[in-house]
Amino acid sequence: MSRLKTQLETDMRDALKSRDKVTLGTLRMVLSAVRNEEVSGKAARELGDDEVVKVLTKQAKQRREAAEAFQEGGRPEQAEAELAEEAVIKRYLPEPLSEAELTEMVRDVIAEGGYAGPGDMGKAMKAVQPKVAGRAEGKVVAGIVKNELSSGA
């Protein structure tokens, strides 16, 4: 069993005992998403820590997007609730990469793979994604990769 999933379950029980409704509700939703991922596909399987991080990243992104939508829709209370849930999820995610660290990593991957020009965008992204999984948003990574490839790196 994944150490991260075990930690989520333990923390959920602690939140239940301490009556922390936000943490409890958030962890229940996250664990439900993890279980759904485990049974998706042809055969049920245990997720590893890296796969649990992917689920957590997706859940955090959903909360952030929902908060933005609620904010634009004039519902600040709902937006705050979504951001509180995102904060709970972020406790379990690896430390995000700074833009400088991310740019350096992208440059290394481009140099290693010999990628050049915008035509290699897909190949470069495919090589970068596993190295930054859960530590940077895909949109940000894509922007840096595009910039580095178009600047003739």
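What you see is a predicted model, and the numbers here were worked out from it, not measured in a lab.

Draft legend 1. Quick look at the overall build of the chain. Helix and strand content of the chain: seven helices and zero strands. When the elements of the chain are put in sequence order from the N terminus, they spell out α-α-α-α-α-α-α. Projected onto the principal axes, the alpha-carbon positions of the chain cover approximately 55 × 45 × 30 Å. A total of 153 residues make up the chain; the buried ones form 34% of that total. Once local pairs closer than 6 in sequence are excluded, the contacts in the chain between residues at least 24 apart make up 59%. Of the roughly 9,300 Å² that the chain leaves accessible, carbon and sulfur atoms contribute 51%. Positive and negative side-chain charges of the chain, numbering 25 and 27 respectively, have mean locations separated by a distance of 5 Å.

Draft legend 2. Here's a closer look at the nonpolar core. Membership of the largest hydrophobic core comes to 20 residues, with the highest contact counts inside it found for L8, V52, L56 and Y92. The set of elements that each furnish at least two residues to this core consists of α1 (3–17), α2 (21–39), α3 (49–72) and α4 (76–90). Among the elements that make up this core, the one with the highest residue count is α2 (six residues). Ignoring any residue separated from it by four or fewer positions in sequence, one finds V52 in contact with S2, L4, L8, V34 and L47.

Draft legend 3. Region of the structure containing α4. Across its 15 residues, α4 extends 21 Å between first and last C-alpha, which sits within 8% of the 21 Å expected from 1.5 Å per residue. The complete set of buried residues in α4 reads A79, E82, E85, E86, V88 and I89. The secondary structure elements touched by the buried residues of α4 are α2 and α3.

Draft legend 4. Here's a closer look at the side chain of T103. Take T103: it is sitting in helix α5 (residues 99–113). The buried category is assigned to T103, whose relative accessible area is 14%. Leave out the neighbours within four places in its chain, and T103 touches I144 and E148.

Draft legend 5. Looking closely at the pattern of salt bridges. Here the structure, examined in full by the defined rule, presents 12 salt bridges. The partner of E86 in a salt bridge is K90, with the nearest N and O atoms 3.5 Å apart. Taken as a pair, E86 and K90 lie in helix α4 at a separation of four residues, close to a single helical turn. Judged by its relative accessible area of 46%, K90 is partly exposed.

Draft legend 6. Expanded view of the environment of E80. Note that E80 resides in helix α4. Between the C-alpha atoms of E80 and V132, which are 52 residues apart in sequence, the distance is 28 Å.

Draft legend 7. Representation of the packing of α1 against α2 in the model. Following both chains from N to C, one finds α1 and α2 inclined at 150°, their axes separated by 9 Å at the closest point. With respect to each other, α1 and α2 are oriented roughly antiparallel. Regarding α1 and α2, the two cross each other, and that crossing is left-handed. Of the residues in α2, those in contact with K5, L8, E9, D11, M12, A15 and L16 of α1 are T23, L24, L27, R28, V30, L31, V34, R35 and E38.

Thresholds, definitions, all that
Residues numbered from 1 in each chain as written. Predicted model: local features only at pLDDT ≥ 70, side-chain atom pairs only at ≥ 80, totals over all residues. Heavy atoms only, no water. Helix = DSSP H or I, 4+ residues; strand = E, 2+ residues; numbered from the N terminus. Buried < 20%, exposed > 50% of the residue type's maximum accessible area, 1.4 Å probe, protein only. Contact = heavy atoms within 4.5 Å. Areas by Shrake-Rupley, 256 points an atom, 1.4 Å probe, with all protein chains shown as cover. Lys, Arg positive; Asp, Glu negative; His and termini not counted. Charge placed at Lys NZ, Arg CZ, Asp CG, Glu CD. Core = buried A, V, L, I, M, F, W, Y, C linked by side-chain atoms within 4.5 Å. Expected span 1.5 Å × (residues − 1). Salt bridge = Lys/Arg side-chain N within 4 Å of Asp/Glu carboxyl O. Axes fitted to C-alpha atoms, helices over the stretch in contact; angles between N-to-C directions. Parallel < 35°, antiparallel > 145°, perpendicular 65-115°, else oblique. Left-handed = near helix turned anticlockwise from the far one by under 90°.

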